[in-house]
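Remarks on the overall topology
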Amino acid sequence: MAQAKKTKWVITSAWPYASGPPHLGNLIGSTLSADVFARFLRMKGDEVVFVSGSDSHGTPVAVEAKKQGISAEELALKNHEIIKELHKKWKISHDNYTITHNPTHIEFVQNFYLDIQKNGFILEREIESFYCENDNFFLPDRFIEGICPHCGAEKARGDQCDSCQKLLIPLELKKPYCTICGNTPVIRKTKHWYLDFPKLQNQLKQLIEENKIIPSNARQMCLNSIAEGLPERSITRDLEWGIPAKFKGAEGKTIYVWFEAVLGYVSAVKEWAEKIINQPEKFDYFWKDPDTKTVYFIGKDNIIFHLIVFPGLLIAYNADKKDEDKLVLPYNVSSTEWLMYENDKFSKSRGVGIWIDEALELAPLDYWRFNLLYNRPETSDTSFLWSEFDNNIKTLNDNIGNFIHRTLTFIDRQFNKTIPDKLEYDDIDKKFIEKVNSIGKEISESLENFRLRKALRDIVSFGKEGNVYLNDKAPWHLIRQDKKKAGHVFNICAQAVYALAILLSPFIPDTSEKVLSYLNTPELKNISWESINENSIKSGTKISKPEPIFQKLEIEEIQSKLNQIREKKQKGGKKELISYDYFKKLDIRIAKVESLEKVPKADKLYKIIIDLGTEKRTLVAGLAEHYKLEDLINKKIVVLTNLEPRKLRGIQSEAMLLAAVEGEKVSILIPDKEISLGAKIE
């Protein structure tokens, strides 16, 4: 039988500004959603190149650099490394995460626009433009704000209104002001180069109308803009920071950031082919094959730029090219609505929201990935709520974590870590097996149609069905009469556990890897999506000792930690100095662990009775993930004794155990010599 032809994909996402780390809303609207799709396609066996990068030439970077008193280049390169590392920590599986301020991109953009000019789509115009007499320069679009002439919204930018999404020309704004100094600018003449969008209008309309994959709301927004008549758009700016324009007479001009950053989707693949895998021919292999599917994951504010501006540039570039040299036009632009924070817009200046560097300090990565994707704002704005975050993690644990742990723990304890044999199916078995065999195709269909939220919610529902099946069969009772029948049930459940591990892999890959390690299967990168079926795990397979998949979170503690992170940032990361007299107030002493036990329904906590020599006290410590009970009993430890008592899980904690913490690593402090209980640390 002939092997099905692999589909080629270029997966991309909106490029975050290199002015600082993205927030959770930026992430779900771009790189996280793209990562899920790219991981899924790779598991299907398709050919995928996944690229993105830091937008270094935007005015937000120039403005932030001005505030910090450093060059825009220095700020951009520094923040790019930070953002790149954060994406790695978030397990975003880029093939190339680059930056627009790099030689490959700069050369590509300059040559690209000379090609477009040669094809007759570039116009030269002398225009009137806003000039700030206080800051002594022509104001680029995002250095000027005012009232939108279409919807009346305040703080509309010079290039686009976020409220009504219409593209703007700066001179259209009412009551304009400079975003740097707040002064009203004057109008002066300057020369700029324009893209002739009216010339491209009919082809763009045809492209959008014929593409049935594009979401209907995005299609209609673009068709409305085209119906109103696309204006010529300036592609140059009077701005020092950017890619120098190479048009004759354009000395001192740079390419408008929105007209060069979108070309990063192309140049990033070129850089990947030439400099990362050292196969330059792979650029043409992906970008110049009409069968390649290119997908762009963005927020709704970027729809016009990705369905009109970017395709328009590609059409203009392709005008004189042979078919084999044309760059492929977009297959889909998958846009999300806004993610809010507790029903408010994310705002760094007001401290509203959570940024992706902060999130990693607050809770395990897969908890964040799950929550953001479970509530992905696909059809309407959604809000991150702490109460919902807590409920979502409980949902994950109740429906998936518990099913996996119950299944594997029973096999570990009752069947000597060995997948038992399967018997003949009864009607209950057949119904659940039918679901096991079909779930991969169901989730695949949702993902192929860019319904990531539905896909994840259906996976959770499948976990719930696993729990129902397990409860209906009640193998813990069955084993008393017939161990083989009980084993049969757990064989079927093991197939469902494997299915869950595969289905979850694009969404929460660390969890997937953990579950597969318990099943002793090959590494995830060597497993196919199509491997999900009723016989995925063979009878006789040895499993590893399972641990609980998820842990309960204390939301109040997480919120408190977030406040501490913010306070530290406000102080510039500097440690607050305390006086010697203040330190003397801390009553830190040596104690011995006399007894300890796990706190019910709190996987991280131990209740510890300590002996201070003259008295005994109770304390609660989050050590259960790091130390076994037997490792702590009779151990001498260091405790702070004059801390105000606090109730944790209904237990009065009367002291604090001291430990060193480095990421996930925790080490309790212990004396290195024999010393009396109650000895004071000074």
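Report follows, based on the coordinates.

The rules behind the values
- Residues numbered from 1 in each chain as written.
- Predicted model: local features only at pLDDT ≥ 70, side-chain atom pairs only at ≥ 80, totals over all residues.
- Heavy atoms only, no water.
- Pairing = 2+ DSSP bridges.
- Helix = DSSP H or I, 4+ residues; strand = E, 2+ residues; numbered from the N terminus.
- Phe/Tyr/Trp six-rings, centres within 6.5 Å; stacked < 30°, edge-to-face > 60°.
- Buried < 20%, exposed > 50% of the residue type's maximum accessible area, 1.4 Å probe, protein only.
- Axes fitted to C-alpha atoms, helices over the stretch in contact; angles between N-to-C directions.
- Parallel < 35°, antiparallel > 145°, perpendicular 65-115°, else oblique.
- Contact = heavy atoms within 4.5 Å.
- Nonpolar A, V, L, I, M, F, W, Y, C, P; charged D, E, K, R; others polar.
- Expected span 1.5 Å × (residues − 1).
- Bend = angle between axes of the 7 residues up to and from the residue.
- Core = buried A, V, L, I, M, F, W, Y, C linked by side-chain atoms within 4.5 Å.
- Salt bridge = Lys/Arg side-chain N within 4 Å of Asp/Glu carboxyl O.
- Left-handed = near helix turned anticlockwise from the far one by under 90°.

Some thoughts on the sheet that holds strand β10 (residues 233–234)
- Spatially, the 4 strands line up as an open sheet ordered β5-β4-β9-β10, and their pairing is antiparallel. Strand pairing shows two members of the sheet lacking a second neighbour, β5 (137–138) and β10, which therefore form its edges.
- Judged from the 2 bridges that link them, strand β4 (residues 122–132) and β5 form a sheet pairing that is antiparallel. When the sheet's bridge partners are listed, Cys132 is paired in β5 with Phe137.

Details of the packing of aromatic side chains
- Tallied over the entire structure, the rule returns 37 aromatic pairs.
- Taking 5.5 Å as the distance between ring centres and 75° as the angle between the ring planes, the aromatic pair formed by Tyr296 and Phe310 counts as edge-to-face. Of the two residues, Tyr296 sits in strand β13 (residues 293–299) while Phe310 sits in helix α11 (residues 303–318), which places them 14 residues apart along the sequence.
- For Tyr296, a relative accessible area of 0% corresponds to the buried category.

Observations regarding the packing of helix α15 (residues 427–448) against helix α16 (residues 452–473)
- Orientation of α15 relative to α16, taken along the N-to-C sense of each, is 170°, at an axis distance of 10 Å. Taken together, the axes of α15 and α16 lie roughly antiparallel to each other. For the pair α15 and α16, the contacting residues are Ile428, Asp429, Phe432, Lys435, Val436, Ile439, Ile443, Ser446 and Leu447 in the first and Leu452, Lys454, Ala455, Asp458, Ile459, Phe462, Glu465, Gly466, Tyr469 and Lys473 in the second.
- Counted by class, the contact of α15 with α16 contains 11 nonpolar, 2 polar and 6 charged residues.

Some details on helix α6 (residues 197–210)
- Relative to the 20 Å expected for 14 residues at 1.5 Å per residue, α6 spans 19 Å between its end C-alpha atoms, a close match to the ideal helical length.
- Within α6, the axis deviates most sharply at Gln203, by approximately 30°.
- Within the sequence span of α6, burial applies to Phe197, Leu200, Gln201, Leu204, Leu207 and Ile208.
- Those residues of α6 that are buried lie in contact with β9 (186–195), α7 (216–228), β10, α8 (257–261) and α11.

Side note on the pairing of strand β2 (residues 47–54)
- The element β2 is extensively covered by neighbouring structure, given that 7 of its 8 residues are classed as buried.
- Of the pairings in the sheet, the one linking strand β1 (residues 8–13) to β2 comprises 5 bridges and is parallel in character. Of the residues in β2, the one forming a bridge with Val10 is Val49.
- As paired elements, β2 and strand β3 (residues 96–99) share 4 bridges and run parallel to each other. Bridge assignment links Ser52 to a residue of β3, and that residue is Tyr97.

Regarding the nonpolar core
- Ranked by internal contacts, the top residues of the largest apolar core, which has 100 residues, are Ile11, Leu24, Trp90, Ile354, Trp368, Trp386 and Phe389.
- With residues up to four places along the chain from it excluded, the contact list for Trp386 reads Tyr341, Glu342, Ile354, Leu362, Trp368, Ile555, Ile558, Gln559 and Leu562.
- Core analysis: the next-biggest nonpolar cluster, separate from the first, contains 63 residues, Val51, Phe112, Ile226 and Tyr256 among them.

A closer look at the pattern of salt bridges
- In total, this model carries 38 salt bridges according to the counting rule given.
- Here Glu615 ties to Arg617 by a salt bridge, and the two come within 3.3 Å at their closest N and O atoms.
- Given a relative accessible area of 35%, Glu615 falls into the partly exposed group.
- Residue classification places Arg617 among the buried positions, given a relative accessible area of 17%.
- Overlapping salt bridges, with partners in common, bring together Asp115, Lys118, Asp320 and Lys321 in one network.

Let's talk about unusual backbone geometry
- A positive phi angle is found at Glu342, which is not glycine, with a value near 50°.
- A residue is classified by how much of its surface remains accessible, and Glu342, at 35% relative accessible area, is partly exposed.
- Of note, the phi angle at Phe450 is positive, near 65°, even though the residue is not glycine.
- When you line up the elements, Phe450 lands in the loop between α15 and α16.
- Residue classification places Phe450 among the buried positions, given a relative accessible area of 9%.

Side note on the sheet that holds β2
- Reading across from one edge, β3-β2-β1-β13-β14 is the order of the 5 strands in this open sheet, with parallel pairing throughout. The open sheet has two free edges, formed respectively by β3 and β14 (332–336), since each of these has just one partner strand. Neighbour-to-neighbour, the strand axes of the sheet open up by a mean angle of 20°, direction not taken into account.
- Across 5 bridges, the pairing between β1 and β13 is parallel. Along β13, the bridge assignment pairs Thr12 with Tyr296.
- Lying over the sheet, helix α9 (residues 264–276) contacts β1, β2, β3 and β13, oriented at roughly 115° with respect to β3.
- The sheet contacts of α11 involve β13 and β14, and relative to β13 the element is tilted by about 145°.

Here's the deal with the packing of α7 against α11
- Look at α7 against α11: their axes get within 10 Å of each other, and the N-to-C directions meet at 55°. Between α7 and α11, the crossing angle belongs to the class labelled oblique. Remark: the crossing between α7 and α11 carries right-handed chirality. Contacts from Ala218, Met221, Cys222, Ser225 and Ile226 in α7 reach Ile303, Ile304, Leu307 and Ile308 in α11.
- In terms of residue class, the contact of α7 with α11 is built from 8 nonpolar, 1 polar and no charged.

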